[in-house]
Amino acid sequence: MKTKLRLDQVAKSYGPVRALRPTTLDVPEGEFLTLLGPSGSGKSTLLQILAGLTACDQGDVWIDGRLSTDTPPHDRGVGLIFQNYALFPHLTVAQNIAFPLEMRRLPRAEIDRRVTRMLEVVQLPHVGDRLPRELSGGQQQRVAFARCSVYEPSIILMDEPLGALDKRLRDDMQTEIRRLHKELGATILYVTHDQEEAMAMSDRICLMNDGGIAQLGTPSEIYFRPRSVFAAEFVGHANFIAPASDRANSKCMVRPENIRILEEAERADTVIDAILEDTIMLGAFSRHVARSVTGERLVAVNWSEEKGTTHRPGEAIRLGWDACDTVHLAAEAGR
Amino acid sequence: MTVIATEFPTTRADRRMLARYLPLVPAVAFLAIVFVIPVAQLLFLSFFDNTGVPTAAHYERLVANPTYFRVVLNTLSYSAWTTLFCIVGGYPIAYLVATISARHRNPLLIWILVPLWTSFLVRVLAWMVILGSHGVINRTLLSLGLIERPLDLIYNFFGVMVGSVHALMPIAILMMLSVMLNIDRSLSSAASTLGARKSMAFWRVYFPLSLPGVAASGLMVFVSALGFFIAPQLLGSPSNIMLAQLIIVQLEEALNWEFAAALSVVLLAATILVVVVFDRTLGLSSLTGEVRAGASTRKGGFGRLPGGLGRQLVSAIGWGSVYAGIFLGKILPYRRQRLGEERRSLLWILGLIGIAFLALPTFFLIPISVSENRFLAWPPEGFTWQWYQVYFSSAVWLDATVRSIGVGLATAALSMILGVPAAFVLARQRVIGKSVILSLMLLPMVLPHIIVAVGLFYLYAKVGLVGTNIGLIIGNTIFSLPYVVITVMAVLRNYDERLDQAAWTLGATRGVAFRRITLPILKAGMVTALLFAFVKAMDELAIALFVADAGTPLLPKQLWQEMSYKIDPSLAAVSTLILVIVGLSIAVVQILNSFGAKRG
Ligand SMILES: Nc1ncnc2c1ncn2[C@@H]1O[C@H](COP(=O)(O)OP(=O)(O)OP(=O)(O)O)[C@@H](O)[C@H]1O
Ligand SMILES: [Mg+2]
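Residues numbered from 1 in each chain as written. Chains lettered and ligands numbered in written order. Predicted model: local features only at pLDDT ≥ 70, side-chain atom pairs only at ≥ 80, totals over all residues. Heavy atoms only, no water.

J.: Which residues make up the overall build of chain B, and what are the values?
T.: If you tally the helices and strands in chain B, you get 29 helices and zero strands. When burial is assessed residue by residue, chain B has 51% of its 600 residues classed as buried. Within chain B, residue pairs in contact and separated by at least 24 positions form 78% of the contacts whose partners lie at least 6 positions apart. Element-wise, carbon and sulfur atoms account for 68% of the exposed surface of chain B, whose accessible area totals about 28,500 Å². (Helix = DSSP H or I, 4+ residues; strand = E, 2+ residues; numbered from the N terminus. Buried < 20%, exposed > 50% of the residue type's maximum accessible area, 1.4 Å probe, protein only. Contact = heavy atoms within 4.5 Å. Areas by Shrake-Rupley, 256 points an atom, 1.4 Å probe, with all protein chains shown as cover.)

Right, here's the structure in full:
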């Protein structure tokens, strides 16, 4: 696949703060890539550099195979959706959406046609004459999306576009954005610090920590094969267990859903004796918290059974999992 | 029963409602008695002749004589030009200050505010030193051989404009700035990612959003300029006078009070007309600083122009500047620009020239005050303390200084006593008629001072307060009160009320919470308000002219009289001393503040 976006050793500091360490990243055409990471990990900085709103200190930005490090934002053809939407408060919704088309000097009739169509695409056909502040948060978000995609940029950057919305609206908008991604075929870089959102939407996830890329991979690679303690902990729950004596420099990790409570004579590749501390029924799943004889806290998540588990808190149990579910982590990987 | 219940607050809720208004009562009563009634009386007077018989003769005289009509036109055009220059000159400065980093903002702001803290008369004197035929500019140009004869920079339209714009531009800048600082920076970024060049993003997004600030400061400047008489009198041509000057002439020379009252009505009518037209087209709410950027464009005149004419215009300017930029880029050998480098040199040049214009003039008085030259001539010659000796050996000057300081302090105290409780209520409580009350409090700021002063003079003449310190304090408080109310309200707007609530939940009574939490946090703002009131009172000329008499000299009155007749460096010495007094009081306040902050 063609490379759409390339960052080559791009770095940015704000005084003593290293917002972005030298970072290299390739994004193929049409991909939905999510930047996931804790607050202050450099996600917004990376987007700003791609959009041309912030100059990087070193390195190069390539867009569509062209060196674009010093291209001003208005020449990049990269759409950006701001966390606060940044809709122009003095222009109506239709005027907002028409703005990028006017900047490209399209004929009036064509502008009107495209604006009308775009309002239908985001399912807001009747709000064209309203001002942004007369819309709800979700509607504003959709207008921001419409304004950004109406001139059909081949790259769209979104900085936590759903951060201000409530849970239900977020779910709807996630589906909507996925749909629009398919419809428009654009390359999308999407910033969030919500791991579920990242999992649900992305082709690949770029996990960021401390101004650098901690891991880059598909959602399941990130989830099942984290390469660092940070990656394992940031996405989903991780049970850390003491490594085998010959690999003192590494750590081992098992996901809760891979740990079973073993019946009397049941066997598994790895078996640990533990005391059950608590069981919480979560609906389809139950969460068991146990403490191993060596003092480690272990969490197992299994299908719930109607009769409830036969084990009581305080009871001694055996926990086991298959060898292939053990993930070995380099102790300081990702740093 | 129900009728009685609505008339007398019987329930506890009713009583609490009334209690809310209580802190407003002193300030409102004060303004009603010494501001509303005298002004109304003055207007009333214009319909009577000097024997008390009702007549329209004064207005007939006004209409019959084209000279008066010319004075009105003069005043309007003078105000319009002042407004234009204040906005055009102030906008780049406000824009520069609004868009630089917060770290660099405060130093620039301080220099912009310098004129606001300096006595207006002192500033006018400084312009005499700079613009006069022996002044800084003419002497410099002559010695450089650039001109052969001194240019006429003073005692004409140019001189008046310089003095007036210098006086009003800081306010214009501050009002534009308060709107600009509320414009979300990401909007400009958004425009650029959508394909707008910098100049286009400015004209299509930033500029329209800053217009409410432009409109508000335009109104403020225009209305203030209508009542100006100091700059026209001292820097202008005697053949080209303004309404306020004419009023003074009628009062002091022709002793025709009724005709002066009729002229005041005209001035007042012009002021009210401007305010009403503004309110109709743009909305007065943009004056209180609570306006949301762009809020008025929907309802307001700009968006209401036929066929979005305003938008078309702005769009045309935008494209014009884009093409101009591209064209310049083609013909000038610019090196390729790195991203993040901004070409703002033009803005910086404009901004720094403007700030120098605002901040520097008064400093020219200091060397003049020790010059041996008998006129305010540049460059200063030799060195002498003799002008200071003139001041210190003059009983009148010393008396005026002591009285001015005393009256200033008392005015500041009275303004605080009346203004702070009112500001608390206006900023925090929901009260019915809030906007009316607030307008009443702020009205003295926009009404020509001369009208208020003359009205007060009639009132005082009846009750024997003319030439008394009490009379002066009351008169000055009318004008200092708005500044206290505005400043305290601004401070309160930034104050998180949850701090008080937290204190209450932690067991503090309301009184204790106010003393231990509210007051210490608000102290700096309160002191600023006090200082503002003091400085304003020290500088108030209209009251000094009409309420003081020969037995009660005041600094502004003394300066005004001397500047009108003879001008020598002793005035520069007095001005320098005034600068020192104000500077010292600011310094003392700063030190007290930082001392308090360390202890607290
Ligand atoms: N304009 C700036 N000036 C100074 N420091 C900045 C600036 N912008 C970002 N930083 C710093 O750079 C680092 C990375 O910031 P960035 O905004 O990229 O984080 P982020 O991953 O987007 O975080 P969040 O999830 O909170 O939005 C942070 O430590 C931040 O404090
Ligand atoms: Mg961010």
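J.: I'd like a description of the overall build of chain A, backed by residues and values.
T.: A count of helices and strands for chain A gives eight helices and 18 strands. In chain A, buried positions account for 52% of the 335 residues. A total accessible area of about 15,500 Å² is found for chain A, and carbon and sulfur atoms account for 50% of it. Between the mean site of the 40 positive side-chain charges and the mean site of the 46 negative ones, chain A shows a separation of 4 Å. (Lys, Arg positive; Asp, Glu negative; His and termini not counted. Charge placed at Lys NZ, Arg CZ, Asp CG, Glu CD.)

J.: Describe a positive patch on the surface, and please don't skip the residues or the numbers.
T.: Residues Arg-12, Arg-15, Arg-16, Arg-20 and Arg-430 of chain B make up a contiguous surface patch of positive charge. Looking at the secondary structure, you find Arg-16 of chain B in helix 2 (residues 12-21). (Patch = residues over 30% accessible without salt bridge, like charges linked within 9 Å, V, L, I, M, F, W, Y side chains within 5 Å. Salt bridge = Lys/Arg side-chain N within 4 Å of Asp/Glu carboxyl O.)

J.: Tell me about the pairing of strand 17 (residues 316-321) of chain A, and please be specific about residues and values.
T.: As judged from the two bridges shared by strand 13 (residues 260-261) of chain A and strand 17 of chain A, these two strands associate in the antiparallel manner. Bridge pairing in strand 17 of chain A places Ile-261 of chain A opposite Leu-319 of chain A. (Pairing = 2+ DSSP bridges.)

J.: Requested: an account of the interface of chain A and chain B, with residues and values cited.
T.: Opposite the 37 residues of chain A that make contact, chain B presents 30 residues. Carbon and sulfur atoms supply 59% of the area that chain A and chain B bury against each other, a total of about 2,900 Å² over both sides. Linking chain A with chain B are one salt bridge, by the criterion used here. Here Arg-204 of chain B ties to Glu-102 of chain A by a salt bridge, and the two come within 2.9 Å at their closest N and O atoms. Where chain A meets chain B, there are six residue pairs in polar contact (both at pLDDT 80 or more). Looking at the side of chain A that touches chain B, the elements with two or more residues in it are strand 6 (78-81), helix 2 (93-103) and helix 4 (137-149) of chain A. Looking at the side of chain A that touches chain B, the element that brings in the most residues is helix 2 of chain A, giving five residues. Classifying every residue of the side of chain A that touches chain B gives 20 nonpolar, eight polar and nine charged. (Buried area = accessible area lost by both parts, 1.4 Å probe. Polar contact = N/O pair within 3.5 Å; in protein donor to acceptor, adjacent residues only side chain to side chain. Nonpolar A, V, L, I, M, F, W, Y, C, P; charged D, E, K, R; others polar.)

J.: An account of the site of ligand 1 is requested, with residue identities and associated values reported.
T.: All names here are of chain A. Close to ligand 1 lie 13 residues; Ser-39, Gly-40, Lys-43, Ser-44 and Thr-45 are nearest. Within the contact set of ligand 1, an oxygen atom lies 2.8 Å away from a side-chain nitrogen or oxygen of Lys-43. Between ligand 1 and the protein, one listed contact pairs an oxygen atom with a side-chain N or O atom of Ser-44 at 2.6 Å. Considering ligand 1 on its own, with 630 Å² of exposed area, one finds that the protein chains cover 60% of that surface. Counting only elements with at least two residues in the shell around ligand 1, the list comes to strand 2 (17-28) and helix 1 (43-51). Here the element with the most residues in the shell around ligand 1 is helix 1; it accounts for three residues. (Near = heavy atom within 4 Å.)

J.: Could you give an account of the sheet that holds strand 1 (residues 3-14) of chain A, naming the residues involved and the relevant values?
T.: All names here are of chain A. If you walk across this open sheet you meet the four strands as 2-1-4-5, and the pairing is antiparallel. Both edges of this open sheet fall to strand 2 and strand 5 (66-67), since each of them pairs with a single strand only. Pairing analysis gives five bridges linking strand 1 to strand 4 (residues 58-63), with the strands arranged antiparallel. From the neighbouring strand, Leu-5 faces strand 4, where its bridge partner is Ile-63. Across the sheet, helix 1 lies against strand 1, strand 2 and strand 4, angled at about 120 degrees from strand 1, the strand it touches most. (Axes fitted to C-alpha atoms, helices over the stretch in contact; angles between N-to-C directions.)

J.: Got a sec to walk through the nonpolar core? Specific residues and values, please.
T.: Core analysis: the largest hydrophobic core is formed by 240 residues, its most contacted members being Phe-229 and Ile-450 of chain B. Beyond its immediate chain neighbours, meaning those up to four positions away, Ile-450 of chain B contacts Phe-229, Ala-244, Ile-247, Ile-248, Leu-267, Ala-542 and Phe-546 of chain B. Ranked by size, the runner-up nonpolar core spans 14 residues in total, among them Ile-261, Ile-272, Ala-300 and Leu-319 of chain A. (Core = buried A, V, L, I, M, F, W, Y, C linked by side-chain atoms within 4.5 Å.)

J.: Any chance you could break down helix 4 (residues 57-64) of chain B for me, citing the residues and the numbers?
T.: All names here are of chain B. Every buried residue of helix 4 is accounted for by His-58, Tyr-59 and Leu-62. Viewed along the axis of helix 4, the buried residues span an arc of 95 degrees, placing them on a single side of the element. Facing away from the buried side of helix 4 by more than 90 degrees, the exposed set consists of Glu-60 and Ala-64. In this fold, the buried residues of helix 4 make contact with helix 5 (66-99) and helix 14 (257-281). (Arc of directions from axis to C-beta.)

J.: How would you sum up the domain arrangement of chain A? Please name residues and give values.
T.: Residue and element names in this part refer to chain A. Once the domains are mapped, chain A shows domain 1 (3-231) and domain 2 (238-330). One C-alpha centre belongs to domain 1, the other to domain 2, and the line joining them spans 40 Å. Contacts between the two partners involve eight residues from domain 1, matched on the other side by 10 residues from domain 2. Summing both partners gives a buried area of about 730 Å² for domain 1 against domain 2, and 50% of it is carried by carbon and sulfur. Broken down residue by residue, the surface that domain 1 buries against domain 2 is led by Tyr-223, Arg-225 and Val-229, which jointly contribute 60%. On inspection of domain 1 and its partner domain 2, the count reaches zero salt bridges. Our enumeration of links across domain 1 and domain 2 arrives at three residue pairs in polar contact (both at pLDDT 80 or more). Here the side of domain 1 that touches domain 2 gets three residues from one element, more than from any other, and that element is helix 7 (residues 219-224). Split into classes, the residues belonging to the side of domain 1 that touches domain 2 amount to five nonpolar, one polar and two charged. (Domains from an automatic or database assignment.)

J.: With reference to specific residues and values, describe the pattern of salt bridges.
T.: Residue and element names in this part refer to chain A. Applying the stated criterion across every chain, the model contains 21 salt bridges over all chains. Note that Arg-204 is salt-bridged to Glu-31, the shortest N-O span being 2.7 Å. Of the two residues, Arg-204 sits in strand 9 (residues 204-209) while Glu-31 sits in the loop between strand 2 and strand 3 (32-36), which places them 173 residues apart along the sequence. Residues Arg-260 and Asp-322 are paired through a salt bridge, measuring 3.8 Å at the closest nitrogen-oxygen approach. Taken as a pair, Arg-260 in strand 13 and Asp-322 in the loop between strand 17 and strand 18 (327-330) lie far apart in primary sequence, 62 residues in all. Note on Arg-260: relative accessible area 28%, which makes it partly exposed.

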